[in-house]
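Chains, contacts and geometry: an overview
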Amino acid sequence: KPTGGVISAEPEPIRLDWPATALLIIDMQRDFLEPGGFGETLGNDVSQLGRAVKPIGAVLKAARGTGMLVIHTREGHLPDLSDAPPAKVERGAPSLRIGDPGPMGRILIRGEAGHDIIPELYPLDSEIVIDKPGKGAFYATELGNALEKYGIENLLVCGVTTEVCVNTTVREANDRGYRCVVISDGCASYFPEFHEMGLKMIKAQGGIFGWVASSAAVLEAMK
Ligand code: C5J
């Protein structure tokens, strides 16, 4: 089986070696994708995110086949909210605030049902799960250390939401020297226009933050 492949990406094709690449799945949690969670409390139509599940599932299956490192992230906070800045908890007028009891447990709190990853994309015991308090996956987490430990140079990035946690993480990763290939249909936003622009922002100016490719193109490269 080949140990790498060329992904037909924008702004240009990119060759990745699988042992130096990790699949990074951002925040595919019930709190963002299901009714009654954090996303819905903010007034969002959570059905907008469901379209990313199948493409991510297909890439996850293929990535597991290559043996590449798979990392899942979850946004959320400690039960005592000691890692949740008041500026995040207090803002806006959500129907429930972070830490309030909701139908899937306390909103955006680690260990609660809503904080967990959706069953369709559930991590294997062998995969890494990074709990993060912020939008970016590097801030206040072990992600950087894990990538260094496994010799990772490239990230295949997908998840939700395109313009928030995916974009923030890609920007953090780009500054740290990682090549990021964002899977276009493996990302979604509550705002379709933000999804579209979020992808454009990554690949513009010769790929100022990274590359963008469809799940089909990624799967083709993994064959
Ligand atoms: C948001 C995220 N949208 N995972 N979080 O608040 O993108």
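Every value quoted in this text rests on a predicted model; they were computed, and no experiment measured them.

Conventions used here
- Residues numbered from 1 in each chain as written.
- Predicted model: local features only at pLDDT ≥ 70, side-chain atom pairs only at ≥ 80, totals over all residues.
- Pairing = 2+ DSSP bridges.
- Helix = DSSP H or I, 4+ residues; strand = E, 2+ residues; numbered from the N terminus.
- Axes fitted to C-alpha atoms, helices over the stretch in contact; angles between N-to-C directions.
- Contact = placed C-beta atoms within 7 Å.
- Parallel < 35°, antiparallel > 145°, perpendicular 65-115°, else oblique.
- Left-handed = near helix turned anticlockwise from the far one by under 90°.
- Nonpolar A, V, L, I, M, F, W, Y, C, P; charged D, E, K, R; others polar.
- Near = placed C-beta within 6 Å.
- UniProt positions renumbered as here; feature names shortened; annotations may be inferred.
- pLDDT = per-residue confidence, 0-100.
- Buried ≥ 20, exposed ≤ 12 C-beta atoms within 10 Å, placed from the backbone.
- Right-handed = clockwise from strand over helix to strand, strands pointing away.

Here we look at the sheet that holds strand β7 (residues 128–132)
Strand pairing in a sheet is mediated by backbone hydrogen bonds. Such pairs are either parallel or antiparallel. The strand order across the open sheet built from six strands is β7-β4-β3-β8-β9-β10, with neighbouring strands paired in parallel fashion. Each edge of the open sheet carries a strand with a single partner, namely β7 and β10 (211–213). Sheet twist, expressed as the mean angle between neighbouring strand axes with direction ignored, is 25°. As paired strands, strand β4 (residues 69–75) and β7 are joined by five bridges and run parallel to one another. By the bridge assignment, R74 is partnered in β7 with D131. In the packing of helix α8 (residues 215–222) onto the sheet, contacts are made with β8 (154–160), β9 (179–188) and β10, and the angle to β9 comes to roughly 125°.

A short note on the packing of helix α3 (residues 53–66) against α8
Where α3 contacts α8, the axes come no closer than 10 Å and their chain directions differ by 15°. Regarding the angle of α3 to α8, the classification is roughly parallel. The hand of the α3/α8 crossing is left-handed. Note on element contacts: α8 touches α3 through S215, V218, L219 and M222, opposite P55, A58, V59, A62 and T66. For the contact of α3 with α8, the residue count by class is seven nonpolar, two polar and no charged.

Considering the site of the ligand
All residues adjacent to the ligand are D27, F32, E75, K135, V160, T161, V164 and C165. Of the residues contributing to the shell around the ligand, the split by class is four nonpolar, one polar and three charged.

With respect to the UniProt feature "domain: Isochorismatase-like" (unreviewed entry) in the protein chain
Those places that UniProt annotates as "domain: Isochorismatase-like" (unreviewed entry) correspond, in this numbering, to residues 21–212. End C-alpha atoms of residues 21–212 are separated by 15 Å, and the span's content is 33% helix alongside 21% strand.

Details of the packing of helix α6 (residues 162–175) against helix α7 (residues 192–207)
Running from N to C, α6 and α7 cross one another at 15°; their axes reach a closest spacing of 9 Å. Here α7 runs roughly parallel to α6, going by the angle between their axes. The two elements α6 and α7 meet at a crossing, and its hand is right-handed. Judged by residue contacts, T162, E163, N167 and V170 of α6 engage F194, H195, G198, L199, M201 and I202 from α7.

Quick word on the confidence of the model for the protein chain
In this model, the protein chain carries a mean pLDDT of 98, and residues with pLDDT of at least 70 account for 100%. For this predicted complex, the interface confidence score (ipTM) comes to 0.95, while the overall pTM stands at 0.98.

As for unusual backbone geometry
Residue E10 is joined to P11 through a cis peptide bond whose omega torsion reads 5°. Locating P11 in the fold gives a position in the loop between β1 (4–7) and β2 (14–17). With an omega of -10°, the peptide bond running from V160 to T161 counts as cis. With respect to the helices and strands, T161 occurs in the loop between β8 and α6. Phi is positive for D27, which is not a glycine, with a value near 50°. Assignment of secondary structure puts D27 in the loop between β3 (21–26) and α1 (30–33). With phi around 55°, Q205 is a residue other than glycine that occupies positive phi space. Inspection of the secondary structure puts Q205 in helix α7.

With respect to the pairing of β8
Two faces make up the sheet, and in a regular strand the side chains alternate between them. Among the seven residues in β8, seven count as buried, and that is most of the element. Where β3 meets β8, six bridges bridge the pair, whose relative direction is parallel. Note on β8: the bridge partner recorded for T21 is N154. Pairing of β8 with β9 involves six bridges; the strand directions are parallel. Directly across from V157, in β9, lies its bridge partner V182. Following the chain from β8 across α6 to the adjacent parallel β9, one finds a crossover that is right-handed.

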